[in-house]
Amino acid sequence: EAEVAQSPRYKITEKSQAVAFWCDPISGHATLYWYRQILGQGPELLVQFQDESVVDDSQLPKDRFSAERLKGVDSTLKIQPAELGDSAMYLCASSGGSSDTQYFGPGTRLTVL
Amino acid sequence: KQEVTQIPAALSVPEGENLVLNCSFTDSAIYNLQWFRQDPGKGLTSLLLIQSSQREQTSGRLNASLDKSSGRSTLYIAASQPGDSATYLCAVEASEFGNEKLTFGTGTRLTIIP
């Protein structure tokens with residue numbers, strides 16, 4: 001069964017450093033989402049792509065976060081510089097075809113020291 | 001702005017019991033509602049998706065209902081098993097500023113006691 005891939009699974013960094021996360025959606029899925037999930041809370045959408053275009057980045061802290069999906073396939077989310085409050089699980093999801101269901105990857109657990 | 005609430009935040013029940021998880025949302029103009037399962041430190045697995053025109057969906061021992069007008073959904077788990085222990089999240093999909101968006105609740109952490 002096709003899955004959403006994410007790497008790395010875990011990342012520990014010091015504040016002020018740069019970090020990057022990678023996501024490879026299910027093949028053929030045009031829509032890709034990045035979510036942030038703080039411990040004990042539900043995921044919150046950071047950015048949504050339709051193919052290579054951003055359709056919603058209203059909750060993305062653009063002073064330090066950036067996201068790209070250059071060829072409309074895989075995507076990278078970057079944080080520079082990282083802050084203590086960025087410690088969270090970063091989840092990628094994709095959807096496509098005739099289904100509304102979003103399929104989630106295993107996530108990247110970020111710890112900022 | 002859509003808000004999704006899940007009560008209780010945590011629930012422990014003995015193995016074999018039937019149980020109900022609750023979800024409420026503030027804006028009834030939704031496209032669909034989904035229930036997800038999340039194991040500790042892992043991603044989300046979609047369990048059931050109910051379209052706004054539907055009343056319920058069933059998958060095995062799981063049954064989800066939707067009352068859009070009252071802004072409520074329930075997830076019923078029959079004959080609970082220790083493997084059902086996880087956090088269960090509900091999410092509603094609605095249009096916000098012209099884009100379809102999922103809004104999640106904070107989840108119910110379920111523990112099934114053997």
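Located above this text is the structure these notes cover.
Residues numbered from 1 in each chain as written. Chains lettered and ligands numbered in written order. Predicted model: local features only at pLDDT ≥ 70, side-chain atom pairs only at ≥ 80, totals over all residues. Heavy atoms only, no water.

Novice: Quick question: what am I supposed to make of the packing of aromatic side chains here?
Specialist: Summed over the entire model, instances satisfying the criterion amount to 7 aromatic pairs over all chains. Judged by centre distance (5.4 Å) and plane angle (40°), the rings of tyrosine 35 of chain A and phenylalanine 104 of chain A are tilted. Taken together, the residues tyrosine 35 of chain A in strand β4 (residues 31-37) and phenylalanine 104 of chain A in strand β10 (residues 103-104) connect sequence positions 69 residues apart. Taken individually, tyrosine 35 of chain A and phenylalanine 104 of chain A each receive the classification buried, so the pair is uniform in this respect. Measuring from centroid to centroid gives 5.7 Å for tyrosine 35 of chain A and phenylalanine 104 of chain B, while their planes differ by 90°, and the two rings are edge-to-face. Taken as a pair, tyrosine 35 of chain A in strand β4 and phenylalanine 104 of chain B in strand β10 (residues 99-104) lie in two separate chains rather than in one. Residue class for tyrosine 35 of chain A comes out buried when judged on its relative accessible area of 1%. The buried category is assigned to phenylalanine 104 of chain B, whose relative accessible area is 8%. (Phe/Tyr/Trp six-rings, centres within 6.5 Å; stacked < 30°, edge-to-face > 60°. Helix = DSSP H or I, 4+ residues; strand = E, 2+ residues; numbered from the N terminus. Buried < 20%, exposed > 50% of the residue type's maximum accessible area, 1.4 Å probe, protein only.)

Novice: What is the right way to read the nonpolar core from this model?
Specialist: In globular proteins that are soluble, nonpolar side chains generally tend to be buried together. With 23 residues, the main nonpolar core has Leu33, Trp35 and Leu75 of chain B as its most contacted residues. Contacts of leucine 75 of chain B, omitting those with residues within four sequence positions, involve Leu19, Val20, Leu21, Trp35, Leu47, Leu48, Leu62, Asn63, Ala64 and Tyr88 of chain B. Val19, Cys23, Trp34 and Ile79 of chain A belong to the second largest nonpolar core, which has 20 residues in total. (Core = buried A, V, L, I, M, F, W, Y, C linked by side-chain atoms within 4.5 Å. Contact = heavy atoms within 4.5 Å.)

Novice: Would you take a moment to explain the state of the cysteines for this structure?
Specialist: In a disulfide, the sulfur atoms of two cysteines are held together by a covalent bond. Under the definition given, this model contains 2 disulfides over all chains. In this model cysteine 23 of chain A forms its disulfide with cysteine 92 of chain A; the gap between the sulfur atoms is 1.9 Å. An S-S torsion of about -70° defines the bridge between cysteine 23 of chain A and cysteine 92 of chain A as left-handed. Placement of cysteine 23 of chain A in strand β3 (residues 19-24) and of cysteine 92 of chain A in strand β9 (residues 88-95) is noted, with a sequence separation of 69 residues between them. Residue classification places cysteine 92 of chain A among the buried residues on the basis of a relative accessible area of 0%. A disulfide bridge connects cysteine 23 of chain B with cysteine 90 of chain B, and the sulfur atoms are separated by 1.9 Å. Where cysteine 23 of chain B bonds to cysteine 90 of chain B through sulfur, the torsion about that S-S bond is close to 70°, and the disulfide is right-handed. One end of the pair, cysteine 23 of chain B, is in strand β3 (residues 19-25); the other, cysteine 90 of chain B, is in strand β9 (residues 86-96), with 67 residues separating them in the sequence. (Disulfide = S-S within 2.5 Å.)

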